[in-house]
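Each chain, letter by letter, is given below.
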Amino acid sequence: MLGRAFKWFWAGEAVSELGTYVTTVALQVLVVVTLGASATELGVVNAARWVPYLVLGLVLGAVVDRWRRRPLLIATDLVRGLLLGAVPLLWWAGMLNIPVLAVFMALLGLASLLNDAASQSFVPRLVPRTALVRANARLDQTGAVAQASGPAIGGALTTALGAPLAVLVDAATYLFAAFAVWRAKVPEPGPARGTPRPDGGLRPAARRLLDDVREGLRWVYRHTMLAPLALATHGWFLCNGIVTTVLAPFALVGLGMTAFQLGLALAAAGVAGLAGALLSERAGRVWGAGRTVVAARAAMVPAWAVVALAPAGATSSSSDGPGTTATWLTVATIAVGQGLYGLATGLENANEMGYRQAVTPDHLQARTNTTIRSINRAMLVIGAPAGGLLADHLGYRPALWVGVAGFTLVAVLLGMSRFRSARHPQVS
């Protein structure tokens, strides 16, 4: 049911995911340690990557629906590899600082926006709709393996080579992803000369993009099931932007963890995420898409509460004065919280994506994906700097508790909506 073309696409996604998680550690260390930035500045860098989603997401989603998705995937993977490859060169030349890095993250975000819209919309062309949950589960499983190994590898590479050079690993993985998608040959319709009308005819392709954008917005936010899911997901991303921005300075500065220890703790999310992804297809079949997603959202509350309760490291003295060194109990506590976070994410993602892709017509796939994803990233643009500001003004732990309160509200509201009864289409 999952053919050769999907397997090549799957391989490219798996390798690029590994590189992404290496950079997850390397970039945080680069900003916090190498460049000596504050939590607020880290929030700005994190937010910069998602600004293109906020500014251009809705329009580019409509554009992607008019074009073949495979060539776009290849081009954007190549661009992302070149952008990340430039980071160590700028550092070596002494030209890397927070504003320059933020600009590069914004350009990377623009390429990722186009790639994400094409990637999520490409999967329904690779497999039948009844296999979408399985296909997304396979992608999540390899993503979880990458999440388990990538941070540990990233921590080790960052310690051995330095954060700027560790970013080169991610650059190389994007080049492989471009090659893998090139091998994932599948028939695709040519550039659209029009889009379907309710009467079965075609609207001219030259019509205003604004009409396409409106059609995508109406589809998502007037849909009985997609609307509450989309709104709850927006709230989830706002909270996630807060807590993930706070986590790195909390661990590296507040708890005294090394880059390697942080990588190990983050790797727990991948190990548990693999378990969640392996269980996701069965959970969706037994509980339904709605109840599975709601349960996963609820699990975010204890996951980040555990992180907020992590014990402080031991205080030590050196020639530079007193400092904090993380104990392995501290590392283990963060790892437990990240493990629960990964388990919930693994259970949820295949069910959420499989359901969305199954109920959405092909000509609306990219617009549905980018409509939801663009507002999600807009929430990150707000949440990441907000997390940094909260951490700098209130402290790391209070900022984390703000995120925990938000996750609680999101889970309750989604659980009260009609989406809780959503089911996947069955094989006929």
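## Quick look at the overall build of the protein
Consideration 1: If you tally the helices and strands in the protein, you get 14 helices and four strands.
Consideration 2: Here the C-alpha radius of gyration of the protein, 21 Å, is about what a compact globule of 428 residues would show, namely 22 Å.
Consideration 3: Out of the 428 residues in the protein, the part that is buried amounts to 57%.
Consideration 4: Within the protein, counting contacts between residues at least 6 apart in sequence, those at least 24 apart form 87% of the total.
Consideration 5: Accessible surface computed for the protein: about 17100 Å², of which carbon and sulfur atoms make up 68%.
Consideration 6: Here the protein contributes 34 positive and 19 negative side-chain charges, whose respective centroids are spaced 9 Å apart.

## Focus: the nonpolar core
Consideration 1: With 85 residues, the main nonpolar core has Trp304 and Ile334 as its most contacted residues.
Consideration 2: No other element matches helix α9 (residues 226-254), which puts 13 residues into this core.
Consideration 3: Look past the residues within four positions of Ile334 in its chain and what remains in contact with it is Leu247, Phe250, Leu255, Met257, Ala265, Val307 and Ala310.
Consideration 4: In terms of nonpolar packing, the next biggest core, distinct from the first, is built from 23 residues, Ala5, Phe122, Leu139 and Ala178 among them.

## Examining the packing of aromatic side chains
Consideration 1: One pass over the full model with this rule turns up 11 aromatic pairs.
Consideration 2: Ring geometry for Phe6 and Phe9: centres 6.5 Å apart, planes at 45 degrees, overall tilted. Of this pair, Phe6 and Phe9 both sit in helix α1 (residues 4-34), separated by three residues, roughly a single helical turn. Of the two residues, Phe6 and Phe9, neither departs from the other in class, the shared state being buried.
Consideration 3: With a centroid separation of 5.4 Å and an interplanar angle of 75 degrees, the aromatic rings of Trp304 and Tyr341 are classed as edge-to-face. With Trp304 in helix α11 (residues 289-308) and Tyr341 in helix α12 (residues 328-359), this residue pair connects regions lying 37 residues apart in the sequence.

## Here's the deal with helix α5 (residues 98-126)
Quick reminder: α-helices carry 3.6 residues per turn. Residues three or four places apart thus point the same way.
Consideration 1: Over its 29 residues, α5 extends 40 Å from the first C-alpha to the last, a length consistent with the 42 Å expected when each residue adds 1.5 Å.
Consideration 2: Where burial is concerned, most of α5 is hidden: 22 out of the 29 residues are buried.
Consideration 3: If you check the start of α5, you find a side-chain oxygen 2.9 Å away from the backbone N of Val100, and it comes from Asn97.

## Brief notes about the side chain of Thr23
Consideration 1: Secondary-structure assignment places Thr23 in helix α1.
Consideration 2: Engagement of the side chain of Thr23 in a polar contact is seen with the side chain of Asp170, the distance being 3.0 Å.
Consideration 3: When sequence neighbours within four positions are dropped, the list of residues in contact with Thr23 reads Gln28, Val167 and Asp170.

## Overview of the pattern of salt bridges
Consideration 1: The full count for this structure, using the stated rule, is eight salt bridges.
Consideration 2: Salt-bridge contacts for Arg134 lead to Glu281; the nearest nitrogen and oxygen are separated by 3.2 Å. Of this pair, Arg134 sits in helix α6 (residues 132-161) while Glu281 sits in helix α10 (residues 259-287); the two residues are 147 residues apart in sequence, bridging distant segments of the chain.
Consideration 3: Residue classification places Arg134 among the partly exposed positions, given a relative accessible area of 32%.
Consideration 4: Between Arg297 and Glu348 there is a salt bridge, with the nearest N and O atoms lying 2.7 Å from each other.

## Focus: the environment of Gln120
Consideration 1: Here Gln120 is to be found in helix α5.
Consideration 2: Taking the relative accessible area as the measure of exposure, Gln120 reaches 12% and is therefore buried.
Consideration 3: If sequence neighbours within four positions are ignored, Gln120 has contacts with Met353, Arg356, Gln357, Asn369 and Arg373.

## Topic: the packing of α1 against α6
Consideration 1: Axis separation between α1 and α6 bottoms out at 7 Å; the angle between their running directions is 35 degrees. Crossing hand, α1 versus α6: right-handed.
Consideration 2: Per-class residue counts for the contact of α1 with α6 are 16 nonpolar, eight polar and three charged.

## As for the environment of Ala366
Consideration 1: Topologically, Ala366 is positioned in helix α13 (residues 365-394).
Consideration 2: Residue Ala366 is classed as buried on the basis of its relative accessible area, which comes to 0%.
Consideration 3: Put simply, Ala366 and Ser121 are 245 residues apart on the chain and 5.4 Å apart in space, counted from C-alpha to C-alpha.

## A look at the confidence of the model for the protein
Consideration 1: Of the residues in the protein, 91% reach a pLDDT of 70 or more, and the chain-wide mean stands at 84.
Consideration 2: Summarising per-element confidence for the protein, the mean pLDDT is lowest in strand β3 (residues 314-318) (47) and highest in helix α14 (residues 396-416) (96).
Consideration 3: Low pLDDT, under 50, characterises residues 316-323; the predicted model gives this stretch eight contacts beyond four residues in sequence or across chains.

Basis of the calculations
Residues numbered from 1 in each chain as written. Predicted model: local features only at pLDDT ≥ 70, side-chain atom pairs only at ≥ 80, totals over all residues. Heavy atoms only, no water. Helix = DSSP H or I, 4+ residues; strand = E, 2+ residues; numbered from the N terminus. Rg over C-alpha atoms; globule rule 2.2 N^0.38 Å. Buried < 20%, exposed > 50% of the residue type's maximum accessible area, 1.4 Å probe, protein only. Contact = heavy atoms within 4.5 Å. Areas by Shrake-Rupley, 256 points an atom, 1.4 Å probe, with all protein chains shown as cover. Lys, Arg positive; Asp, Glu negative; His and termini not counted. Charge placed at Lys NZ, Arg CZ, Asp CG, Glu CD. Core = buried A, V, L, I, M, F, W, Y, C linked by side-chain atoms within 4.5 Å. Phe/Tyr/Trp six-rings, centres within 6.5 Å; stacked < 30°, edge-to-face > 60°. Expected span 1.5 Å × (residues − 1). Polar contact = N/O pair within 3.5 Å; in protein donor to acceptor, adjacent residues only side chain to side chain. Salt bridge = Lys/Arg side-chain N within 4 Å of Asp/Glu carboxyl O. Axes fitted to C-alpha atoms, helices over the stretch in contact; angles between N-to-C directions. Left-handed = near helix turned anticlockwise from the far one by under 90°. Nonpolar A, V, L, I, M, F, W, Y, C, P; charged D, E, K, R; others polar. pLDDT = per-residue confidence, 0-100.

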